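# Survey of secondary and tertiary structure
Here is what each chain is made of, one letter per residue.
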Amino acid sequence: MPGLLRGVARTAVVAGTATAVSNRVSRRQAGRWAQQSYEQQQQYEQQQPAPAPAAPAADDMSSKLSQLKELGELKAQGVLTEEEFAEQKRRLLG
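The structure presented is a predicted model; accordingly, all values stated were derived computationally and were not measured.

Here we come to the overall build of the protein. Counting secondary structure elements, the protein contains 3 helices and 0 strands. Each helix (α) and strand (β) of the protein, taken in turn from the N terminus, gives the series α-α-α. Considering the protein as a whole, with its 94 residues, one finds that 4% of them fall into the buried category. When the accessible surface of the protein is split by element, carbon and sulfur atoms take 57% of a total near 8,400 Å².

What follows is about a positive patch on the surface. A cluster of basic residues, Arg 24, Arg 27, Arg 28 and Arg 32, forms a positive patch on the protein surface. If you trace the backbone, Arg 28 turns up in helix H1 (residues 2-47).

Let us now look at the packing of aromatic side chains. Evaluated as defined, the whole model comprises 0 aromatic pairs. Across the ring face of Phe 85, the terminal group of Lys 75 is positioned such that the distance to the ring centre comes to 5.0 Å.

Let us now look at the pattern of salt bridges. In total, this model carries 3 salt bridges according to the counting rule given. Bridged by salt links that share partners, the residues Glu 87, Arg 90 and Arg 91 form one connected network.

For the rest of this paragraph, the subject is the environment of Gly 72. With respect to the helices and strands, Gly 72 occurs in helix H2 (residues 58-77). Residues Gly 72 and Glu 82, 10 residues apart in the sequence, show an inter-C-alpha distance of 10.0 Å.

Quick notes on the rules
- Residues numbered from 1 in each chain as written.
- Predicted model: local features only at pLDDT ≥ 70, side-chain atom pairs only at ≥ 80, totals over all residues.
- Heavy atoms only, no water.
- Helix = DSSP H or I, 4+ residues; strand = E, 2+ residues; numbered from the N terminus.
- Buried < 20%, exposed > 50% of the residue type's maximum accessible area, 1.4 Å probe, protein only.
- Areas by Shrake-Rupley, 256 points an atom, 1.4 Å probe, with all protein chains shown as cover.
- Patch = residues over 30% accessible without salt bridge, like charges linked within 9 Å, V, L, I, M, F, W, Y side chains within 5 Å.
- Salt bridge = Lys/Arg side-chain N within 4 Å of Asp/Glu carboxyl O.
- Lys, Arg positive; Asp, Glu negative; His and termini not counted.
- Charge placed at Lys NZ, Arg CZ, Asp CG, Glu CD.
- Phe/Tyr/Trp six-rings, centres within 6.5 Å; stacked < 30°, edge-to-face > 60°.
- Lys NZ or Arg CZ within 6 Å of the ring centre and 35° of its normal.

Right, here's the structure in full:
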């Protein structure tokens, strides 16, 4: 019986050690892959050209034009004075 117990204990120690080593290797490989992935991502981002400054959108200009038309209509109706119209136009275009 002592020989059997010794064999079982030895098997348990070997299996436990193998599991611990395997887990450590797996964690180390995962860390290396994560580092490589991070480095590749950094290189990719550095190689990308900087985005060009956006030109004023056509929608922005059309909205300004529509607002100017509304201001002109308000001035024509007498809701806005010439000074108020000039001030609003300056704010809109400035």
